[in-house]
Amino acid sequence: MSSSEVVINVDSVSKIYHVYQKPVDRLKQFVVPGIMRLLRRNPASYFKEFCALKEISFTVKKGEIVGVIGRNGAGKSTLLQILARTVTPTSGQVEVVGRVAALLELGAGFNVEFTGRENVVMNGVILGLSSEEVLGKFDEIAEFADIGDFIDQPVKTYSSGMYVRLAFAVSVCLKPDILIVDEALAVGDARFQAKCFRRFDELVEQGTTILLVTHSTEQIVRHCDRAILVEQGAIFAEGVPKDIANLYMDLLFGAEGGQNPPQEIAVECERSLGATPPSRFELRAGYNPTEYRWGDSKVEIVDFVLSDQNEIDKNVFRSGTKLSLHVWVLYKANVAYPVYGLTIKTPDGVIVYGCNSRDFIDGPIVKPMQSGRYAKVVFDIDLSLGGGEYLVSLGVAEDISGEVFPLDRRYDSILMKVLTDDRSVGIANLNMKVSVE
Ligand SMILES: Nc1ncnc2c1ncn2[C@@H]1O[C@H](COP(=O)(O)OP(=O)(O)OP(=O)(O)O)[C@@H](O)[C@H]1O
Ligand SMILES: [Mg+2]
């Protein structure tokens, strides 16, 4: 490996699965080609090839927490199984340096007939520790798993949460060099998840490298140093967690975006609009120049204004204020069912609130828009936020038979500051009153 710091090196890895239409085809494939060869005929094949991973390459450095995100069937688990060496790649090279503990989708390799205690010891030995070393850690493991007397029951009597708790406890207490986690955390309850993430941080401080598959963009932005977005067996994007989380949301909520409108439509719009009015979005109070913008140019969010009862075009507000956000959208094509959305996040990407004109309580609002016209959208918000800074994301999308296709997304495009008079902490202002009797 080129850098001494690189502990995972994946080089042009592909995985092709053989997919059989009917179970009997698998049997035919096993028997028939042999017979055909005996008869000196060309062997027939009864499967189709399916490429689950296509020439994937990336590296991970020691001590990084890397998040892997992507839609169902994208290839995330296949990739992790290859790293954990439970699946062999069809081509390409994988180098992994150090002891690997893997919590994969289909369990941690416990033998369900044995008790939790017995499985802990077996797992530790598989990880490369001596049984004395594992026994020395046993109390810590049992305490972390916190499943009480079940530790001496056969694993087949466990709930899925208990199973994951124990599997996790083994993996994190035995201090692997590399920890691979495939969505296992989703099964644990919130308290256990929080405990695991705290432990991740401790492990990383001691030099462990973590690769985490999750569908939670929040986990990606909160806990990962870097993220990889997998789509249809290939790396779609790789980078800062916040950006990758945004891209993933785009993929989820509208894979058709990003295409340019046909040339004739664009020309026609130019004509009917005359000169395109200047966009003032970038000049408004609170505009964030490092916003993340994505969409086609068919529809554009061209302007916004934040205001309270006293003042227009400002971005610093007192907590509890009635806030209004006016947004202007320019249409350069006809859209039958536009949907206007808003999301408020903390600077580290935690979603505080999000809704849209279709899904809010008095919705849906269906107002078809014609090319060359502006829509003015007004969001009225009770600003029940704690003190701090928040990022506002705006989006216009088109609803086609219930599916949403993004037209213009301006993520993290407005920075807003909220001031409080009290000394409360947290992202919500719950307006607490205290009485003591
Ligand atoms: N043993 C197998 N035989 C044939 N196809 C497989 C096999 N394992 C996985 N696949 C296919 O490979 C693709 C990738 O699967 P994989 O489990 O890696 O996806 P994933 O990203 O982990 O999805 P999810 O988010 O649902 O867990 C899927 O289309 C799946 O059907
Ligand atoms: Mg998976």
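The rules behind these values
- Residues numbered from 1 in each chain as written.
- Chains lettered and ligands numbered in written order.
- Predicted model: local features only at pLDDT ≥ 70, side-chain atom pairs only at ≥ 80, totals over all residues.
- Heavy atoms only, no water.
- Helix = DSSP H or I, 4+ residues; strand = E, 2+ residues; numbered from the N terminus.
- Buried < 20%, exposed > 50% of the residue type's maximum accessible area, 1.4 Å probe, protein only.
- Areas by Shrake-Rupley, 256 points an atom, 1.4 Å probe, with all protein chains shown as cover.
- Lys, Arg positive; Asp, Glu negative; His and termini not counted.
- Charge placed at Lys NZ, Arg CZ, Asp CG, Glu CD.
- Domains from an automatic or database assignment.
- Contact = heavy atoms within 4.5 Å.
- Buried area = accessible area lost by both parts, 1.4 Å probe.
- Salt bridge = Lys/Arg side-chain N within 4 Å of Asp/Glu carboxyl O.
- Polar contact = N/O pair within 3.5 Å; in protein donor to acceptor, adjacent residues only side chain to side chain.
- Nonpolar A, V, L, I, M, F, W, Y, C, P; charged D, E, K, R; others polar.
- Pairing = 2+ DSSP bridges.
- Axes fitted to C-alpha atoms, helices over the stretch in contact; angles between N-to-C directions.
- Bend = angle between axes of the 7 residues up to and from the residue.
- Right-handed = clockwise from strand over helix to strand, strands pointing away.

### Structural notes on the overall build of the protein chain
Secondary structure summary: the protein chain contains 9 helices and 18 strands in total. By its C-alpha atoms, the protein chain is 80 × 75 × 45 Å across when sized along the principal axes. Looking at the protein chain residue by residue over its 437 residues, the buried ones come to 46%. When the accessible area of the protein chain is evaluated, it comes to approximately 23,000 Å², of which 52% is carbon and sulfur surface. Mean positive and mean negative side-chain charge positions of the protein chain (46 and 57 charges, respectively) differ by 4 Å.

### Digging into the domain arrangement of the protein chain
Domains assigned within the protein chain are domain 1 (59-251) and domain 2 (277-419). The gap between the C-alpha centroids of domain 1 and domain 2 is 37 Å. Facing the 8 residues of domain 1 at the interface are 10 residues of domain 2. Of the roughly 900 Å² buried where domain 1 meets domain 2, counting both sides, 50% is carbon and sulfur surface. Applying the counting rule to domain 1 against domain 2 returns 1 salt bridge. Taken together, the connections running from domain 1 to domain 2 amount to 1 residue pair in polar contact (both at pLDDT 80 or more). For the side of domain 1 that touches domain 2, the secondary structure elements donating two or more residues are helix 7 (217-223) and helix 8 (241-253). The element that contributes the greatest number of residues to the side of domain 1 that touches domain 2 is helix 8, accounting for 5 residues. A breakdown of the residues in the side of domain 1 that touches domain 2 according to their chemical character gives 3 nonpolar, 1 polar and 4 charged.

### Some remarks on unusual backbone geometry
At the junction of Gly363 and Pro364, the peptide bond is cis and its omega measures out at -5 degrees in the coordinates. Along the chain, the position of Pro364 falls in the loop between strand 15 (351-356) and strand 16 (374-382). If you check the backbone angles, Asp412 has positive phi at about 55 degrees while not being a glycine. Turning to its location among the elements, Asp412 is positioned in strand 18 (residues 403-419). On the accessibility criterion, Asp412 (3% relative accessible area) is buried.

### What to know about the sheet that holds strand 16
Judged by pairing direction, the sheet is antiparallel, and its 3 strands sit side by side in the order 11-13-16 without closing on themselves. Taken across any chain shown, the strands that pair with only one partner, and hence form the sheet edges, are strand 11 (299-307) and strand 16. Pairwise comparison of adjacent strand axes, ignoring direction, gives a mean angle of 20 degrees for this sheet. Both strand 13 (residues 322-331) and strand 16 contribute to a ladder of 9 bridges, which runs antiparallel. When the sheet's bridge partners are listed, Lys322 is paired in strand 16 with Asp382.

### Things to note about helix 4 (residues 131-145)
At Phe138, helix 4 shows its maximal kink, close to 45 degrees. Of the positions making up helix 4, those classed as buried are Val134, Phe138, Ile141, Phe144 and Ala145. In this structure, the buried residues of helix 4 make contact with helix 3 (116-126), helix 5 (160-173) and helix 6 (190-205). Asp146, located one to two residues past helix 4, shows a positive phi value of around 55 degrees.

### Here we look at the pairing of strand 7 (residues 209-213)
Taking burial as the measure, the 5 residues of strand 7 include 5 buried ones, the bulk of the element. On strand 7, burial covers both faces: Thr209, Leu211 and Val213 on one face and Ile210 and Leu212 on the other are all buried. Pairing geometry for strand 3 (residues 65-70) and strand 7, over 4 bridges, is parallel. From the neighbouring strand, Gly67 faces strand 7, where its bridge partner is Leu212. Taking the sense of rotation as the criterion, the β-α-β connection linking strand 6 (residues 178-182), helix 6 and strand 7 turns out right-handed.

### What to know about the environment of Val366
Tracing the backbone shows Val366 in the loop between strand 15 and strand 16. In this structure Val366 comes out as partly exposed when scored by relative accessible area, which is 46%. It is 62 Å that separates the C-alpha atoms of Val366 and Val134, two residues lying 232 residues apart in sequence. Those residues in contact with Val366 that lie beyond four places of it in its chain are Ala336 and Tyr337.

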